[in-house]
Amino acid sequence: SVLEGENSTLLVISNVSTSSGGNYTCNASNPAGYDTASGALYVHPFFTLQPADALSRFDVNLTLACEADGFPSPAVRWEDSEGMSVSSSALLELAPVIFGDEGVYYCVAETTVTVGSDSITLTALSMNATLTVSPEGSVTVMPQDPVRSFGEDISFTCSAMGGPGNTFQWQRNGQDIDGATSETLNITGINATTDGGTYTCTVSNTAGNASNSSTLMVNPLITLQPLDTSATNGSSVTLTCEAESFPAPSYSWEVLGGGALGDTVMGANTSTLTFSPVVFGNEGEYRCNASANGVTDVSNTATLTVSPEGSVAVDPVGQVARVEETVNFTCSSLGGPEVTYQWSKDGSVLEGENSTLVVISNVSTSSGGSYTCNASNPAGYDTASGALYVHPFFTLQPADAL
């Protein structure tokens, strides 16, 4: 096509565009004849549509596009941040998106031209486009629902795919943990009250967020031991035991017999064991069991000592003996444990008479009197008495007289 007005030895092409590309031919002529020569103008590839950043979720279809022009028309392809070709066209179709697709992509526009005997490749690179994939569906927290004991340590690890730019935030029981913004959460010296609970890791990026949780269960530890207690018949008394665990412990109480195993106190399923009113039969050794997560912590033994007050009796309450006979009194009592006995006669302690039975051998006049049994333990004491009467006897028989 003739370029009208272009009649000098110089051809200037201003404001080059794609349409400027092509072969330019100069025709030189005079009345004697003419000749021609040509030169080619190649327009370097350039992008008319730059790729844009994109946000996506896992398992959806996504297309990224770019457009380029030049002369001759360039071939366009997509490459990833490693320089690997991922599409041989101007469209990058991800159908569907997977977590591993996250990252940086760019377009390459190329055309090859011949200048003289040389082949030259003209290349243009687009701007970078970042594909951010939401971590939804990929977040895991390990270990899952662990059980630990007081004083132990644990590390939770949060894993997620998607990205780039994943950020982490840990929560305990729905509350953010200050500074806990890495993939790992370390807890040292576990305490049920301050550490037991549900730990949630939330992973976020510009495409979305997702969470997963794990519950830290802490085995029970008794923190308040029941104490030895004294009581009297008819009074009220409470034994108290406290334990910490996560989840909160269940309680039971045992009354111990002669061995290591105890009998369960029926209906005693709280941290307190109340006797109201106390009866003599409540005396004994008790312990508390705190259970959680299939583990039980057992308290120290607490002794409930019930005073024998109101229960002491001497049998018989009175008896008659003849001189030189042997008689005895028996003392009985309730309450306990560890009831001790001391006999006295007419207010004077009988040394060595410390059992429930006092034996009076070879009764004489001096044997007569009131025998008192004192039954006592740390909770109190009581007494009861029995009387010994000595049958009259002659110390001087009447003699025949003349």
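Scope of this entry: the structure provided in the associated data block. (Residues numbered from 1 in each chain as written. Predicted model: local features only at pLDDT ≥ 70, side-chain atom pairs only at ≥ 80, totals over all residues. Heavy atoms only, no water.)

Moving on, we come to the state of the cysteines. Under the defined criterion, the tally for this structure stands at four disulfides. Across the disulfide, Cys66 is cross-linked to Cys107 (sulfur-sulfur distance 2.1 Å). The chirality of the disulfide connecting Cys66 with Cys107 is left-handed, given an S-S dihedral of about -105°. One end of the pair, Cys66, is in the loop between strand S5 (62–65) and strand S6 (67–71); the other, Cys107, is in strand S10 (residues 103–115), with 41 residues separating them in the sequence. For Cys66, a relative accessible area of 2% translates into the label buried. Residue classification places Cys107 among the buried positions, given a relative accessible area of 0%. (Disulfide = S-S within 2.5 Å. Helix = DSSP H or I, 4+ residues; strand = E, 2+ residues; numbered from the N terminus. Buried < 20%, exposed > 50% of the residue type's maximum accessible area, 1.4 Å probe, protein only.)

This part covers the nonpolar core. Of all hydrophobic cores here, the largest spans 19 residues; its most connected members are Trp253, Leu273, Phe275, Tyr286 and Leu304. Broken down by secondary-structure element, the contributors of at least two residues to this core are strand S22 (237–240), strand S24 (250–256), strand S26 (272–275), strand S27 (284–292) and strand S29 (302–306). Broken down by element, this core gets its largest block of residues, three residues, from S27. Ignoring any residue separated from it by four or fewer positions in sequence, one finds Leu273 in contact with Val237, Thr238, Leu239, Trp253, Val265, Ala268 and Tyr286. (Core = buried A, V, L, I, M, F, W, Y, C linked by side-chain atoms within 4.5 Å. Contact = heavy atoms within 4.5 Å.)

Attention now goes to the side chain of Asn377. Here Asn377 lies in strand S36 (residues 369–377). Excluding anything up to four places from it in sequence, Asn377 contacts Thr305, Val306, Ser307, Pro308, Gly335, Gly336, Pro337, Glu338 and Val339.

Turning our eyes to something else, we now look at the sheet that holds strand S35 (residues 357–360). One open sheet accounts for three strands, arranged S30-S32-S35; its pairing is antiparallel. One side of each edge strand has no neighbouring strand; the edge strands of this open sheet are strand S30 (313–315) and S35. Strand after strand, the sheet turns through a mean of 20° between neighbouring axes, direction not considered. Two strands pair when backbone bridges link them, and strand S32 (residues 327–332) and S35 are joined in this way by four bridges, in the antiparallel orientation. The residue bridging Asn328 from the neighbouring strand is Val359, located in S35. (Pairing = 2+ DSSP bridges. Axes fitted to C-alpha atoms, helices over the stretch in contact; angles between N-to-C directions.)

Shape descriptors only; they carry no functional weight alone.
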